[in-house]
Each structure stands twice: as C-alpha cells, then as structure tokens.
Amino acid sequence: MFTCLLLVLPFVTGLSKPANLQPNRIEKRLNETNYEKFRRQHVDAKMSVKKCDTEMKKKKIYADRNKCKDVNTFILSDYKQVKAICNGQGRYDQTNGTTKSVAKFRIVRCDLKNNGARKPKCQYKGTLLTNRIVVVKCEGKLPVHYYDSILS
C-alpha cells in the first residue's frame, strides 16, 4: 500500500509534469495586467540591436493569430524610470491622452525583415535610437501602451 502511494503521490501533486509542460513565466497569462504586458514587451535595460530575434521569441511578442509583429520597441532603462513617466516625470497631452517623458531614453526598435511571416519564422533588424522622448498611455499612474518616440 505504501509503495502504491509513493507512485501516485507525484501525479496528484503535479510534481510529475515534464519541464516543457510547466507554465512559461514570460508568456502572457490571462491575469497579466496591462502594465505587466507593457513591461514585458517594451522595457529591457539589457536589450541590444543584435538580440531582437531572441528577445521577441523569448518574450513571446507576436501580433494576432501568431503573426510576427511588424515593429516592437524596447526602452533601454530600468522599469522604475519608465514608470516615473506616469508619476510626475512626464507631460500629459490632452489632445490624445498620451504622456511624453521629460527624461530622454535610448531605445531599440525591432523591425520585421520578412513581412507577413508567422512564428517561429520571425526575423528582425534592430536599430538603436538615442536621445528619445518616449510617448506612452498611462492608466492609474502606470504606463500601459507604447505609442512613439520623438527625437529631442
């Protein structure tokens, strides 16, 4: 009886799942907030132009129906500095409801090289842009949507 219990226990507790069936921490979950999605898709202090393919895949950044996203922008900064745009370090624009950063950022823009591709065949060309004012939409003092960057 004890041996039988030892064989069944891992299955009951979920400890028997192979590593490839465990949930991916980076993958968007149903309970991911808009801010968490924004952080995952747009804030990465260690991003470089050579890592577009790798990071887009790792962070599972795709358009609808597993199409490759045409363009994605990464802000090369600590998330606290980006969050500050919505907490006094940004200028609100009433005409379109966006907020422009006071601070200037470096960004990496990843442009899809093979238009119309679907995952896993996404290939990107990275471009480093400097001295950029970042334009975001804020909700509840948190950035939730990346709109644009402006050369200052």
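Calculation rules
Residues numbered from 1 in each chain as written. Predicted model: local features only at pLDDT ≥ 70, side-chain atom pairs only at ≥ 80, totals over all residues. Heavy atoms only, no water. Helix = DSSP H or I, 4+ residues; strand = E, 2+ residues; numbered from the N terminus. Areas by Shrake-Rupley, 256 points an atom, 1.4 Å probe, with all protein chains shown as cover. Phe/Tyr/Trp six-rings, centres within 6.5 Å; stacked < 30°, edge-to-face > 60°. Lys NZ or Arg CZ within 6 Å of the ring centre and 35° of its normal. Salt bridge = Lys/Arg side-chain N within 4 Å of Asp/Glu carboxyl O. Buried < 20%, exposed > 50% of the residue type's maximum accessible area, 1.4 Å probe, protein only. 1 Å grid on protein atoms, 1.4 Å probe; cavity = no way out; pocket = protein on both sides within 12 Å on 5 of 7 lines; lining within 4 Å. Points joined across faces, edges and corners; volume = space filled by probe spheres on them. Nonpolar A, V, L, I, M, F, W, Y, C, P; charged D, E, K, R; others polar. pLDDT = per-residue confidence, 0-100. Contact = heavy atoms within 4.5 Å. Lys, Arg positive; Asp, Glu negative; His and termini not counted. Pairing = 2+ DSSP bridges.

**Re the overall build of the protein chain**
From N to C terminus, the protein chain includes four helices and six strands. Seen in sequence order, the protein chain has helices and strands lined up from the N terminus as α-α-α-β-α-β-β-β-β-β. Of the accessible surface of the protein chain, which amounts to about 10400 Å², a share of 52% is contributed by carbon and sulfur atoms.

**Quick look at the packing of aromatic side chains**
Tallied over the full model, the rule gives zero aromatic pairs. The residue whose ring lies beneath Arg 39 is Tyr 79, and the NZ or CZ to ring-centre distance is 3.6 Å.

**Quick word on the pattern of salt bridges**
Per the stated rule, a full pass over the model turns up five salt bridges. With its nearest N and O atoms 3.9 Å apart, the salt bridge here joins Glu 55 to Lys 59. For the pair shown, Glu 55 and Lys 59 are each scored as buried. Between Arg 109 and Asp 111 there is a salt bridge; the shortest N-O distance is 3.0 Å. The partly exposed category is assigned to Asp 111, whose relative accessible area is 22%. Beyond isolated ion pairs, a larger network of salt bridges with shared partners links Asp 44, Glu 55, Lys 58 and Lys 59.

**Considering the environment of Ala 63**
Of note, Ala 63 is situated in the loop between helix H3 (52-58) and strand E1 (71-75). C-alpha of Ala 63 to C-alpha of Arg 118: the two residues are 55 residues apart in sequence and 9.1 Å apart in space.

**Some points on the layout of surface pockets**
Taken as a whole, the second largest pocket spans an internal volume of roughly 180 Å³. Taken together, the residues of the lining of the second largest pocket break down into three nonpolar, one polar and five charged.

**So, the confidence of the model for the protein chain**
Of all residues in the protein chain, 80% have pLDDT values of 70 or greater, and the mean over the chain is 86. Every residue in residues 1-28 is under pLDDT 50, and counting partners more than four places away or in other chains gives 14 contacts.

**Re the side chain of Arg 132**
As for its position among the elements, Arg 132 is in strand E5 (residues 124-139). For the buried Arg 132, no salt bridge exists, and the shortest N-O distance to an oppositely charged side chain is 5.7 Å, to Asp 148.

**Topic: the environment of Phe 74**
As for its placement among the helices and strands, Phe 74 is situated in strand E1. Sequence separation between Phe 74 and Val 43 is 31 residues; the distance between their C-alpha atoms is 5.4 Å.

**Some details on the pairing of strand E4 (residues 105-112)**
Bridge analysis of E1 against E4 gives five bridges, and the strand direction is antiparallel. For Asn 72, the partnering residue across the bridge sits in E4 and is Cys 110. The pairing of E4 with E5 spans seven bridges and is classified as antiparallel. When the sheet's bridge partners are listed, Asp 111 is paired in E5 with Lys 125.

**Some remarks on unusual backbone geometry**
With glycine set apart, most residues show a phi of negative sign, and most peptide bonds adopt trans. Cis geometry is adopted by the peptide bond preceding Pro 120, which originates at Lys 119 and carries an omega value of 10 degrees. Secondary-structure assignment places Pro 120 in the loop between E4 and E5.

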